[in-house]
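Fold and contact review
Here's the letter readout for the chains.
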Amino acid sequence: MSDEDPSPDIPMPLEEARHHPHLLLLDEFESEIDGRLKYHKSLYQYRNAQGMDQTDWPFRSEERGPMDEGFTTLMDEYEKLGLVEVDEEKGKIYIYRTTEAGSRVIRGLRRGLRKIRGEEAEDREETAELIAELNIDRSGSEIVEDEDIQEAKENSYQSEV
C-alpha cells in the first residue's frame, strides 16, 4: 500500500498521519480536551484550515456534524502506548489528556518535524494553536453551531464531509 492510501488501521494517508494532528491539537488545548464532540469538531476545523478534504482525511456525517472516522481506534492506540489518558466521566463525557510520556513525544515530534518540514510544520502548529484558541473555552455544543460545522451538517445527506 502506498503512503497516500489509508490502511485499515490509519484513518488518513501515512504522509498526513506522520504529523500526528490528533496529538498536536490535544497539546494546543493545554493537554486536555473535555468532550468527544469538541475534539471531533476541532479536528474537522483543523483539517479544513489546512486545506485538506475527505480524500486526505475522512470524516463521516452524523447528526451532530462531521466525525473523524478513525478517532476511536487511534485514541485507543495512543492510550495503549501511554501517550494519552481517556477518562469517561458521567456516563458519556470523555476527557482526553496527554500523559507525561505523551508530552515528551509531542515535544520531540514538534522539534523533529520543524527540522524536517520547516515552514510546513510551523504552519500546522499555528493552525492547531488558532483552533485551540478559538475552542478552548467553548463546549462541543457551541462549536457545532459554527458556520463550517453547520454547513457540513446540511451537506451531510448530499455528499461526504
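Residues numbered from 1 in each chain as written. Predicted model: local features only at pLDDT ≥ 70, side-chain atom pairs only at ≥ 80, totals over all residues. Heavy atoms only, no water.

Some words on the nonpolar core
One finds Tyr-39, Leu-43, Tyr-46, Met-75, Tyr-78, Val-84 and Tyr-96 to be the most contacted residues of the largest nonpolar core, which totals 29 residues. Ranked by residue count, the leading element in this core is helix 3 (residues 36-49), at five residues. Discounting chain neighbours no more than four positions away, the residues touching Met-75 are Tyr-39, Val-84 and Tyr-96. (Core = buried A, V, L, I, M, F, W, Y, C linked by side-chain atoms within 4.5 Å. Buried < 20%, exposed > 50% of the residue type's maximum accessible area, 1.4 Å probe, protein only. Helix = DSSP H or I, 4+ residues; strand = E, 2+ residues; numbered from the N terminus. Contact = heavy atoms within 4.5 Å.)

Here we look at the confidence of the model for the chain
On average, residues of the chain carry a pLDDT of 86, and 85% of them reach 70 or more. Scored below 50 in pLDDT, residues 1-7 makes ten contacts in the model with residues more than four places away or belonging to other chains. (pLDDT = per-residue confidence, 0-100.)

Some details on the side chain of Thr-127
Position of Thr-127 relative to the elements: it lies in helix 6 (residues 119-135). A relative accessible area of 9% means that Thr-127 is categorised as buried. Residues contacting Thr-127, with those up to four places away along its chain left out, are Tyr-46, Ala-49 and Gln-50.

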